[in-house]
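Chain by chain, the residues run as shown.
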Amino acid sequence: MSNFERVARGKVILKNGRVIIGKIVDYTTSYDNDDNGAYLTIIPEKGRDKGDYICCYEDNVAHAEYLE
């Protein structure tokens, strides 16, 4: 996940099967997060969390990609 360095539309698939499509706005390393794990922050385009900032921890992510 460390290659997510720019703000862009993306897709995150969690290990529980949930798919989130929206704007990936941040990647935070484990080091920057006091060793609590690296994560992506995405703002969903639709669904129950539309417009919210969702943190997707690396150990919960099955796949992530830019859609542009």
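Scoring rules and cut-offs
- Residues numbered from 1 in each chain as written.
- Predicted model: local features only at pLDDT ≥ 70, side-chain atom pairs only at ≥ 80, totals over all residues.
- Heavy atoms only, no water.
- Helix = DSSP H or I, 4+ residues; strand = E, 2+ residues; numbered from the N terminus.
- Buried < 20%, exposed > 50% of the residue type's maximum accessible area, 1.4 Å probe, protein only.
- Contact = heavy atoms within 4.5 Å.
- Areas by Shrake-Rupley, 256 points an atom, 1.4 Å probe, with all protein chains shown as cover.
- Phe/Tyr/Trp six-rings, centres within 6.5 Å; stacked < 30°, edge-to-face > 60°.
- Patch = residues over 30% accessible without salt bridge, like charges linked within 9 Å, V, L, I, M, F, W, Y side chains within 5 Å.
- Salt bridge = Lys/Arg side-chain N within 4 Å of Asp/Glu carboxyl O.
- Pairing = 2+ DSSP bridges.
- Axes fitted to C-alpha atoms, helices over the stretch in contact; angles between N-to-C directions.
- Disulfide = S-S within 2.5 Å.

Caption draft 1: View of the overall build of the protein. Tallying secondary structure elements over the protein gives 0 helices and 5 strands in all. In the protein, which comprises 68 residues, the proportion classed as buried is 37%. Sequence separation of at least 24 residues holds for 42% of the intrachain contacts in the protein that already meet a minimum separation of 6. Carbon and sulfur atoms form 43% of the exposed surface of the protein, whose accessible area is close to 4500 Å².

Caption draft 2: Layout of the packing of aromatic side chains. Inspection of the entire model under this criterion finds 1 aromatic pair. Ring centres of Tyr39 and Tyr57 lie 5.1 Å apart, and the angle between their planes is 50 degrees; this geometry places the pair in the tilted category. Of this pair, Tyr39 sits in strand β3 (residues 39-44) while Tyr57 sits in strand β4 (residues 54-57), and the two are 18 residues apart along the sequence. Accessibility expressed as a relative area gives 14% for Tyr39, which makes it buried.

Caption draft 3: Focus on a nonpolar patch on the surface. On the surface, Val19, Ile21 and Leu67 cluster together to form a nonpolar patch covering roughly 210 Å² of accessible area. Tracing the backbone through its elements, the reader meets Leu67 in the segment after β5 (61-66).

Caption draft 4: Broad picture of the sheet that holds β3. Reading across the sheet, the 5 strands line up as β4-β3-β2-β1-β5 and stay open at both edges, with antiparallel pairing between neighbours. Sheet topology places β4 and β5 at the edges, where each strand pairs with a single neighbour. Within the sheet, the average angular offset between the axes of one strand and its neighbour, ignoring direction, is 40 degrees.

Caption draft 5: Quick peek at the state of the cysteines. According to the stated counting rule, one finds 0 disulfides in the structure shown. Left unpaired, Cys55 is separated from the closest cysteine sulfur, that of Cys56, by 7.5 Å.

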